[in-house]
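# Commentary on secondary and tertiary structure
Given next are the chains, with one letter for each unit.
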Amino acid sequence: RAVESSEATLDASVDNYDAVLVTLLGDVATAYVQIRTLEAQIKLTRANVDLQRKTLVIAQARFKGGTATELDVDQAQSNLSQTESQIPQLKIQLRQTNNQLSTLLGVPPENLQARLGPAGIPTAPAEVAVGIPADLLRRRPDVRKAERQAAAQSAQIGIAQAEFYPHIAIEGNFGISAASYNRLFYPTARQGTFGPSFQWNVLNYGRIVNNVWLQDAQFQALVAGYQNTVLTAGQEVENGLATFLESQAQMKSLAESVKAAEKAVTVALAQYEGGKIDFNRVALVEQNLVQQQNLLAQAQGNISLGLIQVYRALGGGWQIRCTDCESKEELPAPRRLADAPAAETPRAQFGTPLVNR
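Owing to the predicted nature of the structure, the values given are computational and were not obtained by experimental measurement. (Residues numbered from 1 in each chain as written. Predicted model: local features only at pLDDT ≥ 70, side-chain atom pairs only at ≥ 80, totals over all residues. Heavy atoms only, no water.)

Attention shifts here to the overall build of the protein chain. Per the secondary structure count, the protein chain includes seven helices and two strands. For the protein chain, the sequential pattern of α-helices and β-strands runs α-α-α-α-α-β-β-α-α. With an accessible surface of roughly 21,200 Å², the protein chain has 56% of that area assigned to carbon and sulfur atoms. (Helix = DSSP H or I, 4+ residues; strand = E, 2+ residues; numbered from the N terminus. Areas by Shrake-Rupley, 256 points an atom, 1.4 Å probe, with all protein chains shown as cover.)

Next up, the structure:
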């Protein structure tokens, strides 16, 4: 029972290491997607700033020509300044996310733009295969960790119950003793004792019973924790899938909205320049374009973030340490360490691949 408990504890430690890998890789991917999303938002905001500058020039020209009031100029300037004020805030978020990614990569905070290079928001496949629930229990390191912890505690119950029975052992010692060095190997220099020992804690029966109850209670608590971990895993998978799928529908609607808003801005500017509409219509459609483009960029990022959440919830990512696996997509079936061949027994260092656990 003690050997079983130690083996299960080792398994739990390795699964905890795998869980940290899942968290690390998920955080790195999330930070990267957030960086690309903020870059896209900054780019769109700058394009809107350029557009609103042109609108301000038109309003100023009409005011000088006497076909518009100073109110149009002030409103155009206000809209331009409001849009320009969004860029510093986005840059702050971009820098903070950049520093977060640097920390996750284990480097001092620095500008990673040169290393990352220019790129858009990562695209994700339209569908993702999550497998059957049994795959979830097999993939997620935290679920396996909780199960191994319960298994280790279950063996502790057997260790406590062993105190009900007598302990019989044969003990002995052997040594060499002589008055001088040259007499160490004489037969008379050899000495030793051996004999049986017997121990039975009969008088501590109540204490032993209480200890068994204690170990069993701790086991039941770990079983409840394991069940809660499984339920939480299912919840996280469903949340990730909902974000991934619904963000796709949201992006589709927002793409149509942005397309219509861009067309509305073009028409509104032409009509305002021709004196057919007032500036309020122009300001409204320009503000709507800025808002819809930002929402579209966020929705595109949410699709990738939702997929990352699904992968994280499914326990993907820890396989990178399994260099001996034929395919990182093929997960090794869980198996007790005692059943593994001697050559496959994990070593003390976590960096050593664990195969066929």
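Now, onward.
Moving on, we get to the side chain of Asn-48. Here Asn-48 is to be found in helix H1 (residues 2–64). Classification of Asn-48 by relative accessible area gives buried; the value is 4%. A polar side-chain atom of Asn-48 sits 2.5 Å from a polar atom in the side chain of Gln-293. (Buried < 20%, exposed > 50% of the residue type's maximum accessible area, 1.4 Å probe, protein only. Polar contact = N/O pair within 3.5 Å; in protein donor to acceptor, adjacent residues only side chain to side chain.)

Considering all chains together, one arrives at two aromatic pairs under this definition. On the numbers, 5.4 Å between centres and 50° between planes, the contact of Phe-164 with Tyr-205 is tilted. Linking Phe-164 in the loop between helix H5 (141–161) and strand S1 (167–176) with Tyr-205 in helix H6 (residues 205–273), this pair joins segments that are 41 residues apart in sequence. Residue Phe-164 is classed as partly exposed on the basis of its relative accessible area of 25%. Taking relative accessible area as the criterion, Tyr-205 reaches 52% and is therefore assigned exposed. For the pair Tyr-272 and Phe-279, a centre-to-centre distance of 5.4 Å together with 70° between the ring planes defines the contact as edge-to-face. You'll find Tyr-272 and Phe-279 in the same group, each marked buried. (Phe/Tyr/Trp six-rings, centres within 6.5 Å; stacked < 30°, edge-to-face > 60°.)

Residues Ile-168, Phe-198, Trp-200 and Val-202 make up a contiguous nonpolar surface patch of roughly 480 Å² in combined accessible area. Tracing the chain through its elements places Val-202 in the loop between strand S2 (190–199) and H6. (Patch = residues over 30% accessible without salt bridge, like charges linked within 9 Å, V, L, I, M, F, W, Y side chains within 5 Å. Salt bridge = Lys/Arg side-chain N within 4 Å of Asp/Glu carboxyl O.)

Angle between the axes and distance between the axes are the two parameters that describe a pair of packed helices. For the pair H5 and H6, interaxial distance at closest approach is 9 Å and the crossing angle is 170°. Of the possible angle classes, the one that applies to H5 and H6 is roughly antiparallel. Here the contact of H5 with H6 is built from residues that sort into 13 nonpolar, nine polar and three charged. (Axes fitted to C-alpha atoms, helices over the stretch in contact; angles between N-to-C directions. Parallel < 35°, antiparallel > 145°, perpendicular 65-115°, else oblique. Nonpolar A, V, L, I, M, F, W, Y, C, P; charged D, E, K, R; others polar.)

Here Gln-215 is to be found in helix H6. Each C-alpha atom of the pair Gln-215 and Gln-161 lies 9.7 Å from the other, and the pair is 54 residues apart in sequence. With near-sequence residues (within four places) excluded, Gln-215 lies in contact with Gln-153, Gln-156, Ile-157 and Ala-160. Among the polar contacts made by the side chain of Gln-215, one reaches the side chain of Gln-153 at a distance of 2.7 Å. (Contact = heavy atoms within 4.5 Å.)

Let's shift gears to the nonpolar core. The nonpolar side chains of a soluble globular protein tend to be buried with one another. Of all hydrophobic cores here, the largest spans 20 residues; its most connected members are Tyr-272, Phe-279 and Val-282. Apart from residues lying up to four places away in sequence, Val-282 is in contact with Thr-55, Ala-268, Leu-269, Tyr-272 and Ile-277. Counting residues in hydrophobic clusters, the runner-up holds nine residues, among them Ala-31, Ile-35, Ile-42 and Leu-112. (Core = buried A, V, L, I, M, F, W, Y, C linked by side-chain atoms within 4.5 Å.)

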